[in-house]
Amino acid sequence: MDLATFLVATATAHVGFAIFVAAHARLTGEKAGNWPYITLVLGLAGVAGYFFYDEIGDGGRI
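Residues numbered from 1 in each chain as written. Predicted model: local features only at pLDDT ≥ 70, side-chain atom pairs only at ≥ 80, totals over all residues. Heavy atoms only, no water.

Novice: Tell me about the overall build of the protein chain, and please be specific about residues and values.
Specialist: Looking only at helices and strands, the protein chain has 3 helices and 0 strands in total. From first element to last, N terminus to C terminus, the protein chain shows the α and β order α-α-α. Split into buried and exposed, the 62 residues of the protein chain put 21% on the buried side. Of the contacts formed within the protein chain by residues at least 6 apart in sequence, a portion of 37% connects residues at least 24 apart. A total of about 4,600 Å² of accessible surface is found on the protein chain, and carbon and sulfur atoms cover 70% of it. (Helix = DSSP H or I, 4+ residues; strand = E, 2+ residues; numbered from the N terminus. Buried < 20%, exposed > 50% of the residue type's maximum accessible area, 1.4 Å probe, protein only. Contact = heavy atoms within 4.5 Å. Areas by Shrake-Rupley, 256 points an atom, 1.4 Å probe, with all protein chains shown as cover.)

The following block contains the structure:
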């Protein structure tokens, strides 16, 4: 795979992940916060952070 193809595929995946995070937050009524932007930059790490990051005092969200 050449570099240009890799970069296009990676950018497309990150945009898709960010859209997924924003849509999930909207559908579930949760605040997306900065997670769509973080996901846009970090990809799967941002998706994992959105689902597993628990703010102090948020109580029970996994």
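Novice: Can you break down the packing of aromatic side chains residue by residue, with the values?
Specialist: If you walk through the whole model with that rule in mind, you get 3 aromatic pairs. Ring geometry for Phe20 and Phe51: centres 6.1 Å apart, planes at 40 degrees, overall tilted. Of this pair, Phe20 sits in helix α1 (residues 3–28) while Phe51 sits in helix α3 (residues 44–52), and the two are 31 residues apart along the sequence. Note on Trp35 and Tyr53: the rings are 5.7 Å apart at their centroids and 55 degrees apart in plane angle, and the pair reads as tilted. With Trp35 in helix α2 (residues 35–42) and Tyr53 in the segment after α3, this residue pair connects regions lying 18 residues apart in the sequence. Clustering of aromatic rings is evident, with ring pairs tying together Phe20, Tyr50 and Phe51. (Phe/Tyr/Trp six-rings, centres within 6.5 Å; stacked < 30°, edge-to-face > 60°.)

Novice: Report on the packing of α1 against α2, specifying residues and quantitative values.
Specialist: Two elements in contact, α1 and α2, have axes separated by 8 Å at closest approach and are oriented at 160 degrees. In terms of their interaxial angle, α1 and α2 are classed as roughly antiparallel. Pair α1 / α2 crosses with right-handed handedness. Along its contact with α1, which presents His14, Val15, Phe17, Ala18, Val21 and Ala22, the element α2 presents Trp35, Pro36, Thr39, Leu40, Val41 and Leu42. Of the residues belonging to the contact of α1 with α2, the class tally is 10 nonpolar, 2 polar and no charged. (Axes fitted to C-alpha atoms, helices over the stretch in contact; angles between N-to-C directions. Parallel < 35°, antiparallel > 145°, perpendicular 65-115°, else oblique. Left-handed = near helix turned anticlockwise from the far one by under 90°. Nonpolar A, V, L, I, M, F, W, Y, C, P; charged D, E, K, R; others polar.)

Novice: So what's going on with the environment of Thr39? Residues and values would help.
Specialist: As for its position among the elements, Thr39 is in helix α2. On the basis of relative accessibility, which here comes to 0%, the residue Thr39 falls in the buried class. Thr39 has contacts with His14, Phe17, Ala18, Val21, Gly46 and Val47, leaving out every residue within four places of it along the chain.

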